[in-house]
Amino acid sequence: MMLADLSPEAYHEAAQHLAALDPDWSRHIAAIGPCLHQATPGREPYEALVRAIAYQQLHARAAEAILGRLLALFPADDFPQPEQLLAVSPETLRACGFSASKLVTVQGIAQATLEGLVPTREQALTMADEALIERLVALRGVGRWTVEMLLIYSLGRSDILPVDDFGVREGYRRLKGLETAPTPAQMRSLGGAWRPFRTVAAWYLWRA
């Protein structure tokens, strides 16, 4: 099982590591204060993926409204099971606010869960980061960023850097006073110095 240390002590160690890199990191961490990153351990990968798809390319409020309408269809459950989701008509899911492409994606995630391609939480906890990413990006509409959000928030992995995330790259641009944000490839290279605390680094960059 791949355990993550999400304790305040671990966050403090990560912040110290980052602050020691250069004055820009040191000033930024001092201004923001202790890392308050919170994961949501306990969620099944299936649920985390469906939720992440709802949030793709949308303001958080809009995504939460879509999920709220979806959950209202299943008042007796915390979250619909894959078979329940597949039993809902496409028209009903569209009425919740899912676009045509997102509709196909969430149905594909539900089907892949039933077929065993999407692992259970217990199975996912035994898998390496890259192995899980490689497995899940094979699903239509599921990109690396989506799986990285699953790793960060649902599995509590402590060394994930979502280099495709606009907020992470823009945060680094502001941190360093650059004219343009680094490319994902440049971000990946820069992030090597932040190991094994890249999740905390991302948290601080999101707040830049």
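Here the structure is a predicted model, which means the values were calculated and not measured.

Asker: I keep staring at the overall build of the protein and nothing clicks. Help me out?
Answerer: The number of helices and strands found in the protein is 13 helices and 0 strands. Along the chain direction, N to C, the helices and strands of the protein fall in the order α-α-α-α-α-α-α-α-α-α-α-α-α. In terms of C-alpha radius of gyration, the protein reaches 18 Å, essentially the compact-globule figure of 17 Å for 208 residues. With respect to the three principal axes, the spread of C-alpha positions in the protein is 55 × 40 × 30 Å. Look at the contacts in the protein between residues 6 or more apart in sequence, and 64% of them connect residues 24 or more apart.

Asker: What is the right way to read the layout of surface pockets from this model?
Answerer: A probe as big as a water molecule, rolled over the atoms, marks out the empty space that is left. Computed from the structure, the largest pocket encloses a volume of approximately 590 Å³. Contributing to the lining of the largest pocket are 19 residues, with A52, Y55, W145, M149 and Y153 lying nearest its centre. A total of 5 residues in the lining of the largest pocket trace back to one element, the largest contributor, which is helix α10 (residues 144-154). When grouped by side-chain class, the residues that make up the lining of the largest pocket number 11 nonpolar, 5 polar and 3 charged. Both domains that meet at the lining of the largest pocket, namely domain 1 (8-37 + 160-206) and domain 2 (45-154), each give it at least three residues.

Asker: Explanation requested: the nonpolar core in the structure shown.
Answerer: For soluble globular proteins, the rule of thumb is that nonpolar side chains tend to be buried together. Within the largest apolar cluster, 37 residues are counted, with the highest numbers of intra-cluster contacts made by Y46, L70, L85, I109, L132, L136 and L150. Secondary structure elements with two or more residues in this core: α3 (45-55), α4 (60-72), α6 (90-96), α7 (100-115), α9 (129-136) and α10. Examining the composition of this core, we find that 6 residues originate from one element, α3, more than from any other. Leave out the neighbours within four places in its chain, and L132 touches P119, A124, M127, V147, L150, L151 and L155. Judged by nonpolar contacts, the second largest core, of 21 residues, contains Y11, L18, I29 and Y204.

Asker: When you look at the domain arrangement of the protein in this model, what are you seeing that I'm missing?
Answerer: Many descriptions give the size of an interface as the accessible area lost when the pieces come together. Taken as a whole, the protein is organised into domain 1 (8-37 + 160-206) and domain 2 (45-154). Each partner contributes to the interface: domain 1 provides 9 residues, whereas domain 2 provides 8 residues. For the pair domain 1 and domain 2, the summed buried surface comes to about 720 Å²; carbon and sulfur atoms form 69% of the total. The largest per-residue losses of area from domain 1 upon contact with domain 2 belong to H37, I160 and W206, which jointly make up 55% of the total buried on that side. In this structure, the connection of domain 1 to domain 2 is made through 1 residue pair in polar contact (both at pLDDT 80 or more). Among the residues forming the side of domain 1 that touches domain 2, the class breakdown is 5 nonpolar, 2 polar and 2 charged.

Asker: Quick question: what am I supposed to make of the UniProt feature "domain: HhH-GPD" (unreviewed entry) in the protein here?
Answerer: In this structure's numbering, the residues bearing the UniProt feature "domain: HhH-GPD" (unreviewed entry) are residues 54-208. From the first C-alpha to the last, residues 54-208 spans 25 Å; its make-up is 61% helix and 0% strand.

Asker: Looking at this model, I keep getting lost on the packing of α3 against α7. Mind explaining?
Answerer: Two quantities define a packed helix pair, namely the angle between the axes and the distance from one axis to the other. For the pair α3 and α7, interaxial distance at closest approach is 10 Å and the crossing angle is 175°. With respect to their mutual orientation, α3 and α7 come out roughly antiparallel. When α3 is examined against α7, the residues Y46, L49, V50, I53, A54 and Y55 are found in contact with a partner set consisting of K102, T105, V106, I109, A110 and T113. Within the contact of α3 with α7, the residues separate by chemical class into 9 nonpolar, 2 polar and 1 charged.

Rules used in this analysis
Residues numbered from 1 in each chain as written. Predicted model: local features only at pLDDT ≥ 70, side-chain atom pairs only at ≥ 80, totals over all residues. Heavy atoms only, no water. Helix = DSSP H or I, 4+ residues; strand = E, 2+ residues; numbered from the N terminus. Rg over C-alpha atoms; globule rule 2.2 N^0.38 Å. Contact = heavy atoms within 4.5 Å. 1 Å grid on protein atoms, 1.4 Å probe; cavity = no way out; pocket = protein on both sides within 12 Å on 5 of 7 lines; lining within 4 Å. Points joined across faces, edges and corners; volume = space filled by probe spheres on them. Nonpolar A, V, L, I, M, F, W, Y, C, P; charged D, E, K, R; others polar. Domains from an automatic or database assignment. Core = buried A, V, L, I, M, F, W, Y, C linked by side-chain atoms within 4.5 Å. Buried < 20%, exposed > 50% of the residue type's maximum accessible area, 1.4 Å probe, protein only. Buried area = accessible area lost by both parts, 1.4 Å probe. Polar contact = N/O pair within 3.5 Å; in protein donor to acceptor, adjacent residues only side chain to side chain. UniProt positions renumbered as here; feature names shortened; annotations may be inferred. Axes fitted to C-alpha atoms, helices over the stretch in contact; angles between N-to-C directions. Parallel < 35°, antiparallel > 145°, perpendicular 65-115°, else oblique.

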